Amino acid sequence: MLPTAQAWAQKFALFVAVNDYPLLGDEATLHGPANDADLMSRYLLATPELGFSRERVTILANGGIAADGEPTRQEIGDRLEALVRTVSAGDFVYIHFAGHGSRQRARDPRTEPDGLDEIFLPSDTGPAEDGTYPNALVDDDLGAALDAIRARGAFVFILFDSCHSSTATRASGAEPEGTQYRWLPEPYEPGEVPGAADAAAREATLAAGESKGDAGGLVAFYAAQTIEKTPEMPLPRDGEQATTYGLFSYTMLSVLAKNPGITYRELAQGILHRYAAGNFTKPTPLFEGELDRVVFGETDRAPRLAWPVAVDGGKARIAAGALQGLERGAILALLPDPLADEGQALGFLRVRTNDPLAAEATPARYGGLNPPVLAELPATAVARIVEKPLSFRLRVELTALPGGAHNDAAAYARREVEKIAADEQLPANLVVVPPGEQADLQLIVASTGELYPNESGGEPRLWFLPPGGELPADARDKPHSIGLAGGMTPEQQAQLRENFVAVFRATSLAQLTELSELDRGKVRFGLEQQPAGAGAPRKLERSTVPVLARGDQLIFSIDNQSTKAVDVDMLLIGPNYSIKHMLGLRFQRGDNIKGALGDIADAGTGLWRLVVVMREAGRNSVHSDLSFLNQIGTQTRAQAATGARDFGQLLKDIGGGAATRGASSLAGRNALKGSLDIFNLEAVGG
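Residues numbered from 1 in each chain as written. Predicted model: local features only at pLDDT ≥ 70, side-chain atom pairs only at ≥ 80, totals over all residues. Heavy atoms only, no water.

Caption draft 1: Here's a closer look at the packing of helix α5 (residues 264-277) against helix α8 (residues 490-511). Packing of α5 against α8 leaves a shortest axis separation of 7 Å and a crossing angle of 150 degrees. Here α5 is positioned roughly antiparallel relative to α8, judged by the angle of their axes. Both α5 and α8 take part in a crossing whose hand is left-handed. Contact with α5, carried on its side by His 273, Ala 276 and Ala 277, involves Thr 507, Ala 510 and Gln 511 of α8 and no other residues of that element. Across the contact of α5 with α8, the residue classes tally to three nonpolar, three polar and no charged. (Axes fitted to C-alpha atoms, helices over the stretch in contact; angles between N-to-C directions. Helix = DSSP H or I, 4+ residues; strand = E, 2+ residues; numbered from the N terminus. Parallel < 35°, antiparallel > 145°, perpendicular 65-115°, else oblique. Left-handed = near helix turned anticlockwise from the far one by under 90°. Contact = heavy atoms within 4.5 Å. Nonpolar A, V, L, I, M, F, W, Y, C, P; charged D, E, K, R; others polar.)

Here it is in structure tokens:
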């Protein structure tokens with residue numbers, strides 16, 4: 001289906017962001033929702049082509065930002081009713097909820113298959129009484145308000161950056177400083193609600209299908225599924241002045257700001273790619289509705305971003321920042337006008353400072369040109385990214401479980417980790433960060449009994465956890481660990497070393513999605529799920545996370561309608577960071593091939609990622625497949641280089657553990673282009 005854009009009559013936005021819950025105590029306080037609303041509203045208003053104006057943007061928030069009202073239950077209801085009265089056919093409405101979420105006993109169990117209502121908690125939510133939270137915004141009430149807005153003919157895009165439950169994961173006790181989950185306990189005893197134990201998927205309360213009759217359409221983005229939490233944390237994680245945001249809100253905006261004019265489906269795909277690059281295996285966002293429409297109904301957007309330059313002394317100021325890809329160190333071409341290409345560059349700039357939506361740059365010698373004289377730039381000059389820094393590194397934080405009895409073991413483990421990180425022959429760029437800093441891999445020292453009280457084991461172990469430090473609630477799914485009792489054997493030391501290499505390669509691959517330039521309209525890759533029993537195969541989208549049962553088969557298809565031969569490799573990354581090279585073939589122009597990848601679920605349960613790498617083939621070249629990335633995963637640093645790298649070189653960097661590369665987002669006129677896509681797959685046993 002082709003993307004559909006629409007010239008909307010008027011655009012409205014409603015932000016509900018709750019940091020403070022006075023009636024629930026300090027332990028319920030969040031720090032990111034108000035920042036989410038502030039950043040997203042700033043982006044909407046600072047991007048004139050989106051069509052939002054301040055008089056039609058409403059912010060209900062507490063937490064220190066300028067707002068139009070408090071995010072109470074009454075105020076939220078009043079603003080939703082005001083939208084119903086105000087909008088007309090052809091209008092667009094964006095609604096953003098950020099704060100605590102939970103579930104509670106359904107007011108009418110007949111309307112909820114799992115016996116539960118999903119709820120968002122306004123600022124005046126009180127302590128739970130008789131299995132419910134006073135003043136909670138219940139899914140049925142919100143659904144009715146959305147139906148009323150859509151009945152007026154308006155299209156709605158709604159986003160929830162809040163948790164729904166906590167039955168799949170729980171805190172390890174070693175979460176990085178600043179990380180918090182937007183969840184409050186469900187106010188009922190386990191087993192009290194009929195069917196609650198079987199609520200493995202979110203019961204949809206919003207009618208997210210195609211719009212019918214005169215009703216407006218709907219797209220809904222959810223940060224987490226029913227049994228998951230979603231975090232807020234200081235972002236960007238490697239930023240010197242990181243600010244606390246919801247992971248989902250910040251990730252969505254960072255994808256959207258770099259890729260204007262994409263569809264909701266492509267936006268969803270980008271979010272999942274970013275989660276993979278950040279080593280976030282949970283939560284699993286959910287996306288529903290008319291996903292093939294263009295986000296915010298944008299029209300007439302330039303396919304390549306360029307920004308006017310304001311000269312201030314010897315510096316250039318640009319109304320775009322890290323969210324648009326202007327990270328510190330990025331190289332910008334100064335062009336005489338927005339239609340010019342890089343061959344007409346007047347000179348180049350290097351980004352020195354930035355915040356999410358603004359950057360400052362200074363003249364730089366680059367591409368054989370001397371630094372430009374800013375005072376001589378024409379008034380029509382714009383800046384465009386030609387090279388941005390790409391860092392292949394794995395940030396690791398190691399700490400002992402607070403209150404634990406294994407400080408000596410933790411000190412020993414830290415020495416071993418630092419020794420591995422200092423090894424220049426390690427084919428991974430490993431950086432050990434101080435306790436409390438945001439990392440890509442969280443290591444804690446604790447006994448099995450400390451993390452899982454119903455399990456035996458009092459000896460210290462080194463546990464591998466995701467960035468948020470969450471544990472699977474079910475002990476049968478407990479994460480990988482290495483024993484530390486009496487030190488580590490040479491075999492365990494080698495195992496620890498290989499574990500770091502495995503995680504580094506698996507997470508670094510996902511970063512290449514941002515540099516994808518191959519025309520996917522000409523080189524088409526399809527994936528289908530063939531159920532084990534019978535029935536027609538189901539097409540799998542990059543924007544979803546399908547569940548694969550044992551016996552299900554994955555069927556792929558490749559159609560090369562481009563003008564060049566294309567090398568295609570498929571890599572399967574397992575829950576333990578294993579990498580298996582599934583396919584490596586050259587497809588000539590016009591080739592159309594279909595094949596089977598087999599039964600993924602038979603290899604083990606958990607989140608699997610199928611990485612599809614496609615690269616233009618050089619004339620008279622031999623296909624160099626990516627089998628060198630094969631690795632067995634977690635089981636019971638080379639010298640940095642500089643200069644622009646093409647797609648194939650970057651893949652070799654990942655295999656060899658190169659540290660930091662300057663990577664051209666344009667790849668250069670003569671460089672071979674490539675793309676990398678990721679399909680997330682949840683495998684279950686039985």
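Caption draft 2: Here's a closer look at the pattern of salt bridges. Scanning all chains against the criterion turns up 22 salt bridges. Across the pair Arg 384 and Glu 342 runs a salt bridge whose closest N-O atoms are separated by 3.4 Å. Taken together, the residues span a long stretch of sequence, with Arg 384 in strand β20 (residues 382-391) and Glu 342 in the loop between β17 (331-335) and β18 (347-355) at a distance of 42 residues. By relative accessible area, which is 7% here, Arg 384 ends up buried. Judged by relative accessible area, Glu 342 falls into the partly exposed class, the value being 21%. For the salt bridge of Glu 455 with Lys 478, the shortest nitrogen-to-oxygen distance reads 3.3 Å. With Glu 455 in the loop between α7 (448-451) and β24 (460-465) and Lys 478 in the loop between β25 (470-472) and β26 (481-483), the pair connects residues that are 23 residues apart, well separated along the chain. Three or more residues are tied together by salt bridges with common partners; here these are Asp 312, Lys 315, Arg 317 and Glu 360. (Salt bridge = Lys/Arg side-chain N within 4 Å of Asp/Glu carboxyl O. Buried < 20%, exposed > 50% of the residue type's maximum accessible area, 1.4 Å probe, protein only.)

Caption draft 3: Inspection of the packing of helix α1 (residues 33-46) against helix α4 (residues 247-258) at higher detail. It is at 10 Å that the axes of α1 and α4 come closest, and there the two elements cross at 15 degrees. Our classification of the angle between α1 and α4 gives roughly parallel. Judged by the twist between their axes, the crossing of α1 over α4 is left-handed. Facing α1, whose interface residues are Asp 36, Leu 39, Met 40 and Tyr 43, α4 presents Ser 249, Tyr 250, Met 252, Leu 253, Leu 256 and Ala 257. Residue composition of the contact of α1 with α4, by class: eight nonpolar, one polar and one charged.

Caption draft 4: Region of interest: the sheet that holds strand β36 (residues 674-683). A sheet is described by the order of its strands in space; here five strands give the open sequence β29-β36-β34-β31-β32, paired in mixed fashion. Sheet topology places β29 (547-548) and β32 (579-587) at the edges, where each strand pairs with a single neighbour. Relative to β32, strand β31 (residues 566-573) runs antiparallel, the two being bridged by eight bridges. Counted as the bridge partner of Leu 571 is His 581 from β32. (Pairing = 2+ DSSP bridges.)

Caption draft 5: Representation of the sheet that holds β26 in the model. Spatial strand order, β22-β21-β23-β24-β26: five strands in an open sheet with mixed pairing. The two strands at the open ends of the sheet, each matched to only one other strand, are β22 (430-433) and β26. Recorded for the sheet is a direction-independent mean angle of 25 degrees between the axes of neighbouring strands. For β24 and β26, the ladder comprises three bridges, and the chain directions are antiparallel. Within β26, the residue paired with Arg 461 across the bridge is Gly 483. Lying over the sheet, helix α6 (residues 407-421) contacts β21 (394-400), β22, β23 (441-447) and β24, oriented at roughly 145 degrees with respect to β22.

Caption draft 6: Here's a closer look at a negative patch on the surface. Together, Asp 20, Asp 26, Glu 27 and Glu 70 give the surface a local cluster of negative charge. Positionally, Asp 26 belongs in the loop between β1 (11-17) and α1. Among the residues examined, Asp 26 registers a relative accessible area of 70% and is labelled exposed. (Patch = residues over 30% accessible without salt bridge, like charges linked within 9 Å, V, L, I, M, F, W, Y side chains within 5 Å. Areas by Shrake-Rupley, 256 points an atom, 1.4 Å probe, with all protein chains shown as cover. Lys, Arg positive; Asp, Glu negative; His and termini not counted. Charge placed at Lys NZ, Arg CZ, Asp CG, Glu CD.)

Caption draft 7: Local environment of the side chain of Asn 279. Among the structural elements, Asn 279 can be located in the loop between α5 and β13 (286-289). A polar contact of 2.8 Å, which involves the side chain of Asn 279, links it to the backbone oxygen of Asp 440. With near-sequence residues (within four places) excluded, Asn 279 lies in contact with Asp 440, Leu 441, Pro 466, Pro 467, Val 503, Thr 507 and Tyr 577. (Polar contact = N/O pair within 3.5 Å; in protein donor to acceptor, adjacent residues only side chain to side chain.)

Caption draft 8: Quick look at the environment of Gly 606. With respect to the secondary-structure elements, Gly 606 resides in strand β34 (residues 606-616). As a C-alpha pair, Gly 606 and Pro 575 span 31 residues in sequence and 5.7 Å in three-dimensional space. Once residues lying within four places of it in the same chain are set aside, the contact partners of Gly 606 are Pro 575, Leu 681, Glu 682 and Ala 683.

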